[in-house]
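Chain by chain, the residues run as shown.
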Amino acid sequence: MQRSLMLLCGLLATVPAHGHAAASSSSPTAPTATTLSPRDADLAWQKATAKFAPARQVILAKVARDMDQGPFRADWASLRQYRSPAWYDDAKFGIFIHWGVYSVPAFGSEWYSRLMYQQGTKEFAHHVATYGPQSKFGYKDFIPMFKAERFDPNAWAKLFKAAGARYVVPVAEHHDGFAMYDSRLSEWTAAKMGPHKDIIGLLAKSVRAQGLHFGVSSHRAEHDWFFDGGRRFDSDVNDPKYAGLYGPAELRIPGKDDMDLAGDWTYVSQVWLDDWLARTAELIDDYHPDLIYFDWWIGHPTFRNTLPKLLAYYYNEGARRDGVVVNYKLGDFPEGAGTLDIER
């Protein structure tokens, strides 16, 4: 098990203020926290993404066919035999990039997308004061403002190399559900909206041209519940029309703290787990990352039968080249099944 230093970078932009009036009580944005069951919330997301179901099934079939084709099987006993590749053992410095739609409001952190819907937070107050109520101006309305018109992946890659980095890991999808790559499983992507650019693809090409290793991070698991605050008041999260972006927005039932995943009883459907697996496999197939970073919620008990499929699929793919790395947080994997990430 190896550990490596990663520099966290956040890129921010400023935008003009906007004001809006409140929505009427009959609006489709009316609160649903007490009227919509967890299953119905998930079904609303499934309906909003139904046109992508065939493509999802194609990817899942490929994973099922190929996940055991190599030295690893899709079980934890086999996966504990993993060893990090030499290129990673020797790479002492990498750069991790948080950049996405949340960079438009440029307030607080990359968790703005969640906290702008959490009543009582500074992000909530800032959003209402700056843009108006969330029923009229929601997170989705930042997407047209996210243009990335000055994005220069070649300049970035040259800078990273000059800084001494040996690998670069941009966020492919944060908890906000907006993919920074060209996905066949969603319309809410940087390739189809906002910048109209495959940010991950462009950066991968430039980083590799500099002789650096390229990785991605996926924070998709948490998207199951990330927008749940919007269900408690009049907001666009409640509008089924936008469920493709906001996801199920399940009301979270956490344990004693964020790290207590064994005590977290948030609803997670099998369809959601299949979608997570398909989206991650799509990243592997289309971008061949040398490293994948996962945030903490993949340690939720509901992921335990799905994770081994993804890891075996990825590790066996990596075994056919120079080896790959998966970063996980404490307790998410059995010891040895990946590379432990320690954040300070």
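To keep things clear, this report deals only with the structure shown in the data block. (Residues numbered from 1 in each chain as written. Predicted model: local features only at pLDDT ≥ 70, side-chain atom pairs only at ≥ 80, totals over all residues. Heavy atoms only, no water.)

**What about the side chain of R56?**
1) Next: By secondary structure assignment, the location of R56 is in helix α2 (residues 53-66).
2) Next: In this structure, R56 is in contact with W45, T49, L185, V271, D274, D275 and A278, ignoring residues within four places of it in sequence. (Helix = DSSP H or I, 4+ residues; strand = E, 2+ residues; numbered from the N terminus. Contact = heavy atoms within 4.5 Å.)

**Things to note about the environment of D42**
1) Next: Counting through the fold element by element, D42 comes out in helix α1 (residues 38-48).
2) Next: Linking D42 and Y267, residues 225 residues apart in sequence, is a C-alpha distance of 8.9 Å.
3) Next: Once you skip the residues sitting within four places of it in the chain, D42 turns out to touch P248, E250, Y267, S269 and W272.

**Overview of unusual backbone geometry**
As a rule of thumb, non-glycine residues mostly have phi less than zero, and peptide bonds are mostly trans rather than cis.
1) Next: The phi torsion at A106 lies on the positive side, around 50 degrees, for a residue other than glycine.
2) Next: Assignment of secondary structure puts A106 in the loop between β2 (93-98) and α5 (112-115).
3) Next: Residue A106 is classed as partly exposed on the basis of its relative accessible area, which comes to 26%.
4) Next: A positive phi is found at A249, a non-glycine position, where the angle reads about 50 degrees.
5) Next: The topology assignment puts A249 in the loop between α9 (243-246) and α10 (270-287).
6) Next: Take A249: its relative accessible area is 1%, and that puts it in the buried class. (Buried < 20%, exposed > 50% of the residue type's maximum accessible area, 1.4 Å probe, protein only.)

**Notes on empty space enclosed by the protein**
1) Next: Counted according to the given criterion, the structure contains three cavities of 30 Å³ or more.
2) Next: The volume enclosed by the largest cavity comes to roughly 50 Å³.
3) Next: When contributions to the lining of the largest cavity are tallied by element, the ones reaching two or more residues are β3 (167-173) and α8 (199-209).
4) Next: The element best represented in the lining of the largest cavity is α8, accounting for three residues.
5) Next: Class assignment of the residues belonging to the lining of the largest cavity gives a composition of nine nonpolar, no polar and no charged. (1 Å grid on protein atoms, 1.4 Å probe; cavity = no way out; pocket = protein on both sides within 12 Å on 5 of 7 lines; lining within 4 Å. Points joined across faces, edges and corners; volume = space filled by probe spheres on them. Nonpolar A, V, L, I, M, F, W, Y, C, P; charged D, E, K, R; others polar.)

**Observations regarding the pairing of strand β6 (residues 325-328)**
Each regular strand carries side chains that alternate between the two faces of the sheet.
1) Next: Side chains V325 and N327 of β6 all project onto a buried face; the interleaved residues V326 and Y328 project onto the opposite face, where all are buried too.
2) Next: Where strand β5 (residues 291-294) and β6 come together, three bridges link them in parallel fashion. For L291, the partnering residue across the bridge sits in β6 and is V325.
3) Next: Handedness of the crossover joining β5 and β6 through helix α11 (residues 307-319): right-handed.
4) Next: The sheet contact formed by β6 and strand β7 (residues 339-340) spans two bridges and is parallel. Along β7, the bridge assignment pairs Y328 with L340. (Pairing = 2+ DSSP bridges. Right-handed = clockwise from strand over helix to strand, strands pointing away.)

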